[in-house]
Amino acid sequence: MSTTLAPDLAPQADVARQLGPDWLLPVREAALAEFSRIGWPTTRNEDWHYTNPSAIAEGKFVLAAPDERATGERRTPTGTAAHGVTVAHLAPYTFGQDWPLMVFVNGRFAPMLSRLGALQAGVRVTPLAEAMREDRDFLEARLGTVARFDEHAFTALNTAFMTEGAVIHVAKNVEVAEPLHLVFIADEQAEGTISHPRVIIAAEPNAKVTVIESWGAVGTPRHVSNVVTEVDVASGATVTHLKMQRESAAAFHVGTVQVNQAKDSHFVQFTFQSGAQLMRSNIYTHLNGPGCGSTLNGLVLADGTQHLDTQTRIEHVAPRCYSRELYKGVLDGEGHGVFNGKVYVHPEAQQTDGKQENHTILLSDRAQIDTKPQLEIFADDVKCTHGATVGRLDQAAEFYMKSRGISAEHARRLLVYAFAADVLETIENEVVRTGLEALVLERFAGVVV
Amino acid sequence: MLKIDNLTASVGGTQILNGISLTVNAGEVHAIMGPNGSGKSTLAQVLAGHPAYEVTGGTVTFQGADLLDMDPEVRAQHGVFLAFQYPIEIPGVTNAYFLRAAYNEIRKAKGLDEVDPMDFLDLMSDRLKLVEMDEAMLQRSVNAGFSGGEKKRNEILQMAVLDPTLAILDETDSGLDIDALRIVAHGVNALKKPTNATIVVTHYQRLLNHIVPDHVHVLAAGRIIKSGGKELALELEARGYDWVLEEAGLATGAHA
Ligand SMILES: Nc1ncnc2c1ncn2[C@@H]1O[C@H](COP(=O)(O)OP(=O)(O)OP(=O)(O)O)[C@@H](O)[C@H]1O
Ligand SMILES: [Mg+2]
């Protein structure tokens, strides 16, 4: 079954209605109605001023086939494969670890590539399709409660068409020892498709869990990933979310992470964005309970004609909450970066402590960054700061390195690495941190002055 | 080893070096002295290949090759080392990584394999001892937050590790306390070989008591206006620069 996603949604509405399960139909209908009302975002929309998603709207992308066996997952003489993706293709994304693993190939769950065998007591990790069938009560109470689709076209689309994804539920007081890893891989069979994965993370009071999302590709398929991750962090709980977006250079990636936080909870996030021709990251956190806080850090690496847009919106609803943002960007070629950081401090949110920083270096004259902090503060007893810098590689340091025999290329790679070092250091998980450090060192290997 | 012939150079459109000629042979130590702003650091930076300085004339031959034709990193790979008057801070890159990267690239340029990390550690601890530096400095970012004296000592550590053929020390003594001066001088002397050479830029005779020069040159207004033996440094210390400037027909007091 395949249908083109044109601006006129009528034919797609029928597709959505057939996706099931029945109990979800009213939600899908509501999402469709909302999408019809607001339509695709355009650059006239303030939040989309620097990013034009018309290539997605007009790209005639076809819904990734909602057939259960669509990946054709099978055992082959050399191992398990789903579409053309094998265990070997996963290696660049799995950090050599045997953490609990859910693999999605071209938007579809691939059970044979996944590893969910020995989960710790108190942790449930379920494919969304299975949860929709078998865990209605839990899902019905959760799905869409955090990720609201009103005013958010891509979230509305995701809600109307989601069939695949992951549901992660951590019981009260449970500290999950190993990170839970979700790997989304696309190969050439994703060409021309759009997928709408949904990830639901629910941490009960005082639970502690790390969820890693890795996005990657085999080859360079041109496709759209429109993922929504909704996170519910109950009182005293800590959720760490590490997202590594290394999609195909021809891909479009729209990722929305929406978080609700209760009293004394912590949400710690790192987003590493280096893939896709066009990437839009929406990170929305609601600090609803007193004493909670969000730490949102990230690193963006772009070259060629990549367009990577990070939007954050932190709503300080309750008093005595903190928010910390440190985003860094390295832009080369004709790479275009966008950072828009909104912080809303509601009247009740006294003693808010907010800090936002965005630092970018441009490696070429044609690279570009649009950075816009937006603080709206309606309480009087708050401490909120923000700062943004745009610069170039330190030429004095570059010459100093060369004067010691270090080649121009190595010097530049080292300086990029040095620039990124402090934000990478905020990643507590040493395996991920070291892995990303290596990626940064490799990334601009081909750069010449 | 090094032959500078009638070298002229400018920076930002202003000519700073006005025809420098200097020959340095293997095994020699040359001291360059001269008033502030006379062009000593400019000469040092030009020899290291700093891109801000434009060579407008003359030649520099190093071990038979055209030094000016080489990129800065190639000069270093050929054995030229400049201890900066103002060492650069590189936050985010550890001293250890920096030194190993430089060491390996120089080896690579010579067609040698990368050093075994354990062997390199041994080399490092040996060289740290030579300049009496604490091992903890290796894990700190290059020069970041180092005191003035620590930065200078770190330059000599780099020199000790990279073992250059031609070392140019640009006021490595300024900012050093009395003990550090002795340590640094001892390090430089220990690295001295019949096959390498050192150019020491300094304002003070004090350093030259420790690192004894074979030749002393006075640089003023972008030219070498007087050369002599080590006794010239003593005479300058006692009498100042005016008499040399007068001899050279330069207006006295004009320190530029
Ligand atoms: N970028 C520049 N633009 C213009 N003039 C410059 C520039 N850099 C250096 N100069 C000038 O070149 C001259 C020589 O400077 P240089 O640093 O070589 O002197 P120096 O002999 O090392 O002095 P000191 O003993 O103070 O270290 C000075 O007059 C200085 O102001
Ligand atoms: Mg100087």
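Since the structure is predicted, the reported quantities are computational estimates derived from the model, not experimental observations.

### Brief notes about the pattern of salt bridges
Between side chains of opposite charge, a pair can form when the charged atoms approach closely.
Consideration 1: This structure, assessed with the given rule, holds 30 salt bridges over all chains.
Consideration 2: Of the charged contacts, one joins R127(B) and D126(B) as a salt bridge, the two residues approaching to 3.2 Å between their closest N and O atoms.
Consideration 3: Given the relative accessible area of 40%, D126(B) is considered partly exposed.
Consideration 4: Salt bridges sharing partners connect three or more residues here, namely D14(A), R17(A) and E29(A).

### Overview of the site of ligand 1
Residues and elements named next belong to chain B.
Consideration 1: Near ligand 1 you find 13 residues, and of these G37, K40, S41, T42 and H203 are the closest.
Consideration 2: Between G37 and ligand 1, the recorded distance is 2.8 Å, taken from a backbone N or O atom to an oxygen atom.
Consideration 3: Relative to its unbound accessible surface of 650 Å², ligand 1 loses 62% to contact with the protein.
Consideration 4: Among the elements that make up the shell around ligand 1, the one with the highest residue count is helix α1 (residues 40–48) (three residues).
Consideration 5: Of the residues contributing to the shell around ligand 1, the split by class is three nonpolar, eight polar and two charged.

### Some words on the coordination of the magnesium ion (ligand 2)
All names here are of chain B.
Consideration 1: Listed as protein donors to the magnesium ion (ligand 2) are S41 (OG) and Q85 (OE1); their distances from the metal cover 2.0 to 2.1 Å. Here S41, found in helix α1, pairs with Q85, found in the loop between β6 (80–83) and β7 (90–94); they are 44 residues apart in sequence, far enough to count as distant.
Consideration 2: Taking the relative accessible area as the measure of exposure, Q85 reaches 15% and is therefore buried.

### Describing the pairing of strand β12 (residues 208–217) of chain A
Residues and elements named next belong to chain A.
Consideration 1: Judged by how many residues are buried, β12 sits mostly within the fold: nine of ten residues are covered.
Consideration 2: Sheet topology places strand β9 (residues 180–186) next to β12; seven bridges connect them, and they run parallel. Bridged to L182 within β12 is E213.
Consideration 3: Note that β12 and strand β14 (residues 238–245) share eight bridges and pair parallel. Counterpart to W215 in the pairing with β14 is Q245.

### Points about the side chain of R198(A)
Residues and elements named next belong to chain A.
Consideration 1: With respect to the secondary-structure elements, R198 resides in strand β11 (residues 198–203).
Consideration 2: There is a polar contact of 2.9 Å between the side chain of R198 and the side chain of N158.
Consideration 3: A polar side-chain atom of R198 sits 2.7 Å from a polar atom in the side chain of T159.

### Let's talk about the side chain of D309(A)
Residue and element names in this part refer to chain A.
Consideration 1: Within the element layout of this structure, D309 appears in strand β19 (residues 307–316).
Consideration 2: Looking at D309, its side chain comes within polar contact range of the side chain of R280, at 2.9 Å.
Consideration 3: Setting aside residues no more than four positions away along its own chain, D309 makes contact with T51, M279, R280, S281 and V338.

### Description of the packing of helix α5 (residues 148–162) of chain B against helix α6 (residues 178–191) of chain B
Residues and elements named next belong to chain B.
Consideration 1: Two elements in contact, α5 and α6, have axes separated by 10 Å at closest approach and are oriented at 15 degrees. Looking at the two axes, α5 sits roughly parallel to α6. The element α5 and its partner α6 pack so that their crossing is left-handed. Taken together, the residues of α6 that come into contact with α5 (itself represented by R153, I156, M159 and A160) are A180, I183, V184, V188 and L191.

### Details of the sheet that holds strand β3 (residues 29–33) of chain B
All names here are of chain B.
Consideration 1: Reading across the sheet, the six strands line up as β6-β9-β10-β3-β11-β12 and stay open at both edges, with mixed pairing between neighbours. Each end of this open sheet is capped by a strand with a single partner; those strands are β6 and β12 (223–228). The average undirected angle you get between the axes of adjacent strands in this sheet is 20 degrees.
Consideration 2: Of the pairings in the sheet, the one linking strand β9 (residues 166–170) to strand β10 (residues 197–201) comprises five bridges and is parallel in character. In the sheet register, I168 faces β10, and the bridge partner there is I199.

### Looking at helix α8 (residues 230–239) of chain B
Residue and element names in this part refer to chain B.
Consideration 1: Those residues of α8 lying buried are L232, A233 and L236. With its buried residues spanning 105 degrees around the axis, α8 presents them on a single face.
Consideration 2: Looking at the packing, one finds that the buried side of α8 touches β3, α7 (205–210), β11 (215–220), β12 and α9 (242–247).
Consideration 3: Once α8 finishes, G240 follows within two positions and takes phi at roughly 80 degrees, a positive value.

### Looking at the domain arrangement of chain A
Residue and element names in this part refer to chain A.
Consideration 1: In terms of domains, chain A is made up of domain 1 (13–288) and domain 2 (394–449).
Consideration 2: For domain 1 and domain 2, the distance between their C-alpha centroids amounts to 31 Å.
Consideration 3: Across the boundary between the two partners, domain 1 contributes eleven residues, which contact twelve residues of domain 2.
Consideration 4: Of the roughly 900 Å² buried between domain 1 and domain 2 on both sides combined, carbon and sulfur atoms contribute 82%.
Consideration 5: A per-residue breakdown of the area domain 1 buries against domain 2 is headed by F95, F270 and F272, which together make up 51% of the total.

Cut-off values and rules
Residues numbered from 1 in each chain as written. Chains lettered and ligands numbered in written order. Predicted model: local features only at pLDDT ≥ 70, side-chain atom pairs only at ≥ 80, totals over all residues. Heavy atoms only, no water. Salt bridge = Lys/Arg side-chain N within 4 Å of Asp/Glu carboxyl O. Buried < 20%, exposed > 50% of the residue type's maximum accessible area, 1.4 Å probe, protein only. Near = heavy atom within 4 Å. Polar contact = N/O pair within 3.5 Å; in protein donor to acceptor, adjacent residues only side chain to side chain. Areas by Shrake-Rupley, 256 points an atom, 1.4 Å probe, with all protein chains shown as cover. Helix = DSSP H or I, 4+ residues; strand = E, 2+ residues; numbered from the N terminus. Nonpolar A, V, L, I, M, F, W, Y, C, P; charged D, E, K, R; others polar. Donors = N, O, S within 2.8 Å, 3.2 Å for Na, K, Ca; no water. Pairing = 2+ DSSP bridges. Contact = heavy atoms within 4.5 Å. Axes fitted to C-alpha atoms, helices over the stretch in contact; angles between N-to-C directions. Parallel < 35°, antiparallel > 145°, perpendicular 65-115°, else oblique. Left-handed = near helix turned anticlockwise from the far one by under 90°. Arc of directions from axis to C-beta. Domains from an automatic or database assignment. Buried area = accessible area lost by both parts, 1.4 Å probe.

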